[in-house]
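The residues making up each chain are set out below.
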Amino acid sequence: MSKINCNNCNLVFSSELEYYAHHITAHKCISTSIKKILILGGGFGGITTLQNIEKKFANDPVEITIISNDNFFLFTPMLPQVVSGLIHASNISTPIRYFCKKAKFLQANVESIDLDQQLVTIQRSFDNKLHTLEYDYLVLSLGGKSNYFKNENLKKHSFSMKSIEDAIAVKNHIILMLEHAAQTGNYELQKNLLTFVVVGGGFAGVETISEINHFVRQSISKFYKSINPKNVNVILISSKDRILPEINEELANTALRFLEKEGITVLKNSRATDAGEEFVLLNNGEKISCATLIWTGGITMKKVISELKCEHGDNGRVKVDETLKIKNRDNVFALGDCAWIPDISTNSIYPSTAQHAIREGKIIAENLKISFDSKNQLKKFSFNSMGIMAIIGNRMGIATISGHDISGIMAWSIWRFYYLSKIPTFGKKIKVFVDWSIDFLLPRDVTLIGTIKKKEIHGIHITDKIPSIKEQLSMKF
Ligand SMILES: Cc1cc2nc3c(=O)[nH]c(=O)nc-3n(C[C@H](O)[C@H](O)[C@H](O)COP(=O)(O)OP(=O)(O)OC[C@H]3O[C@@H](n4cnc5c(N)ncnc54)[C@H](O)[C@@H]3O)c2cc1C
């Protein structure tokens, strides 16, 4: 159980209630020094910050609250493997409450943030009511959303690849296309149903297309004998003259050759400019007939971040200094995909990756503690990534680790070993390991799970007024 220290007389209390009672009686003071730390977002940035704050503030009178619209933390590097049915969706999702030892979790949508008044307005998920929360310290870690470059048709007719719902929806859609293709005798229609297009030549796009390619071709050979595999078309669209701009060109070419060998068509120097229900149009005028279009073409910010009254970098990200603090706001920090963080050593900005968000979260927790203890010098964020890696096919990976390029089964094994070790709980690690092991023995599952029906409870009148600790105390004394 966590303990709370009274800073005035060095006594230790086992609960907030005991601490309040002591403060009121011993120090004759109704207002306490309990500070409120609010963390917005339960992704890599938010969860790492939370875990480190919980340790650093274990004995301090602080109230920590984390707010996220999902009640789980999502391990995104394995999202493409959910699309292909290699891993069960729930095995890469960990309930945020698992990380809350001292903190409170609220499943709600963050609607607006008022930096001047130090207020955050949230909408609760069960009754859609708006609530306003005060804070003393704020951590912004709300990530980003898919960037369609204001093209409504691309947004409407493509799947994105950011959430667990996206991955499940894509998987179901692919299986549905296979079922339809197995029934039609119309060659043109079958080709359309069997054309799978992913836009985006970065890591997310390459990993997604390779998982889809493997899943579709394996499922056809095992379960859809009436489909001619020659009618399958798996296409990756990259706006650059290469794929994987994050790694050196030679390694990227190795990856390209492997994808092409596996039957994937890679269209370079191509941009998707329009889309409909059954096609995607490229900037060179080529119209690709396809029933499946997946968008991994970059990220932009949600309004709650892009409209925040502070300085912004490209795509609306919040500008922070080297200590990850927003300019002129000593109590507001930002990290992860929603932050624009200067890298002084290279005169550029840090990339938006999970690796970086994790390191940033650790620094923010340290800086919060320094601010709380009224020490002066905050720590500066500096991080040189040890490496970068991706899985691009069955037992095929690519990696650059400490400047060395690796490809093949070795890189694939390192990827699996490294990312397995990063999954938050022992139970989930085991489950993912079991999923991977089963894949050596059995074909992927083509069960088509329908949409899940939710029961709306907005009409239920719930009286949820819980007396605050101060009110509870005044009842007692
Ligand atoms: C398919 C895919 C594969 C990837 N693979 C890798 C990889 O291999 N290695 C790597 O380093 N990086 C990878 N990334 C990038 C990595 O996922 C991100 O850089 C990282 O998740 C950023 O962390 P974050 O905390 O800033 O944002 P996120 O992890 O996106 O978390 C944002 C959180 O905020 C919550 N949220 C958002 N808006 C609201 C709101 N209005 N109200 C309440 N809650 C809200 C979300 O539910 C979420 O919990 C991948 C990304 C994708 C999509």
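In short, a report on the structure. What you see is a predicted model, and the numbers here were worked out from it, not measured in a lab.

**Considering the overall build of the protein chain**
Counting secondary structure elements, the protein chain contains 13 helices and 28 strands. Within the protein chain, buried positions represent 48% of all 477 residues. Sequence separation of at least 24 residues holds for 64% of the intrachain contacts in the protein chain that already meet a minimum separation of 6. Put simply, the protein chain shows about 23900 Å² of open surface, and 52% of that area lies on carbon and sulfur atoms.

**Thoughts on the site of the ligand**
For the ligand, the set of nearby residues contains 27 residues, the closest of which are G45, N69, T76, V110 and D337. T76 places a polar side-chain atom, nitrogen or oxygen, 2.5 Å from an oxygen atom of the ligand. S352 is positioned such that a nitrogen or oxygen atom in its backbone is 3.5 Å from an oxygen atom of the ligand. Considering the ligand on its own, with 990 Å² of exposed area, one finds that the protein chains cover 88% of that surface. Only α2 (44-56), β7 (104-114) and α10 (354-372) provide two or more residues apiece to the shell around the ligand. For the shell around the ligand, a count of residues per class yields ten nonpolar, 14 polar and three charged.

**What about the environment of T208?**
If you trace the backbone, T208 turns up in helix α7 (residues 203-223). Among the residues examined, T208 registers a relative accessible area of 0% and is labelled buried. With sequence-adjacent residues up to four places away left out, T208 is seen in contact with P80, M161, V198 and I294. There is a polar contact of 2.6 Å between the side chain of T208 and the backbone oxygen of A204.

**Side note on unusual backbone geometry**
Of note, the phi angle at L244 is positive, near 50°, even though the residue is not glycine. Its identity as a non-glycine residue notwithstanding, R395 has a phi of 55°, on the positive side. With respect to the helices and strands, the residue R395 is situated in the loop between β26 (387-393) and β27 (396-401).

**Details of the packing of helix α11 (residues 409-422) against helix α12 (residues 426-441)**
In the contact formed by α11 and α12, the axes pass within 9 Å of each other and the chain directions differ by 150°. Judged by the inter-axis angle, α11 sits roughly antiparallel to α12. In the crossing of α11 with α12, the sense of the turn from one axis to the other is right-handed. Of the residues in α12, those in contact with W412, W415, R416, L420, S421 and K422 of α11 are K429, V432, F433, W436 and F440. Across the contact of α11 with α12, the residue classes tally to seven nonpolar, one polar and three charged.

**With respect to empty space enclosed by the protein**
Applying the stated criterion across every chain yields a total of two cavities of 30 Å³ or more. Computed from the structure, the largest cavity encloses a volume of approximately 50 Å³. Taken together, S210, N213, H214, F258, L259, E262, I264, I392, G393 and N394 make up the lining of the largest cavity. Of all the secondary-structure elements, those providing two or more residues to the lining of the largest cavity are α7, α8 (249-261) and β26. In this structure, the second largest cavity occupies an estimated 30 Å³ of space. Lining the second largest cavity are P77, P80, Q81, E207, E211 and I391. Of the residues contributing to the lining of the second largest cavity, the split by class is three nonpolar, one polar and two charged.

**Remarks on the sheet that holds strand β13 (residues 195-199)**
Judged by pairing direction, the sheet is parallel, and its five strands sit side by side in the order β12-β19-β13-β14-β15 without closing on themselves. Edge positions in the sheet fall to β12 (159-160) and β15 (264-267), since each of these pairs with one other strand and no more.

**A short note on the environment of I174**
With respect to the element layout, I174 can be found in helix α5 (residues 164-183). Classification of I174 by relative accessible area gives buried; the value is 0%. Sequence separation between I174 and L448 is 274 residues, and the spatial gap between their C-alpha atoms is 9.4 Å. When residues no more than four places from it in sequence are discounted, the contact partners of I174 are V83, F196, I212, F215 and V216.

**Here's the deal with the pairing of strand β9 (residues 130-134)**
The pairing of strand β8 (residues 119-124) with β9 spans five bridges and is classified as antiparallel. Following the sheet pairing, I122 is matched in β9 by H131. Taking the residues between adjacent antiparallel strands as the criterion, β8 and β9 are bridged by five residues, where N128 takes a positive phi near 60°.

**Looking at the sheet that holds strand β17 (residues 279-282)**
In space, the three strands of this open sheet follow the order β16-β17-β18, with antiparallel pairing throughout. Edge positions in the open sheet fall to β16 (272-276) and β18 (287-289), since each of these has one partner strand only. Mean inter-strand twist for the sheet, computed between neighbouring axes without regard to direction, equals 20°. Note that β17 and β18 share three bridges and pair antiparallel. Looking at β18, one finds that V280 is bridged to I288.

Basis of the calculations
Residues numbered from 1 in each chain as written. Predicted model: local features only at pLDDT ≥ 70, side-chain atom pairs only at ≥ 80, totals over all residues. Heavy atoms only, no water. Helix = DSSP H or I, 4+ residues; strand = E, 2+ residues; numbered from the N terminus. Buried < 20%, exposed > 50% of the residue type's maximum accessible area, 1.4 Å probe, protein only. Contact = heavy atoms within 4.5 Å. Areas by Shrake-Rupley, 256 points an atom, 1.4 Å probe, with all protein chains shown as cover. Near = heavy atom within 4 Å. Polar contact = N/O pair within 3.5 Å; in protein donor to acceptor, adjacent residues only side chain to side chain. Nonpolar A, V, L, I, M, F, W, Y, C, P; charged D, E, K, R; others polar. Axes fitted to C-alpha atoms, helices over the stretch in contact; angles between N-to-C directions. Parallel < 35°, antiparallel > 145°, perpendicular 65-115°, else oblique. Left-handed = near helix turned anticlockwise from the far one by under 90°. 1 Å grid on protein atoms, 1.4 Å probe; cavity = no way out; pocket = protein on both sides within 12 Å on 5 of 7 lines; lining within 4 Å. Points joined across faces, edges and corners; volume = space filled by probe spheres on them. Pairing = 2+ DSSP bridges.

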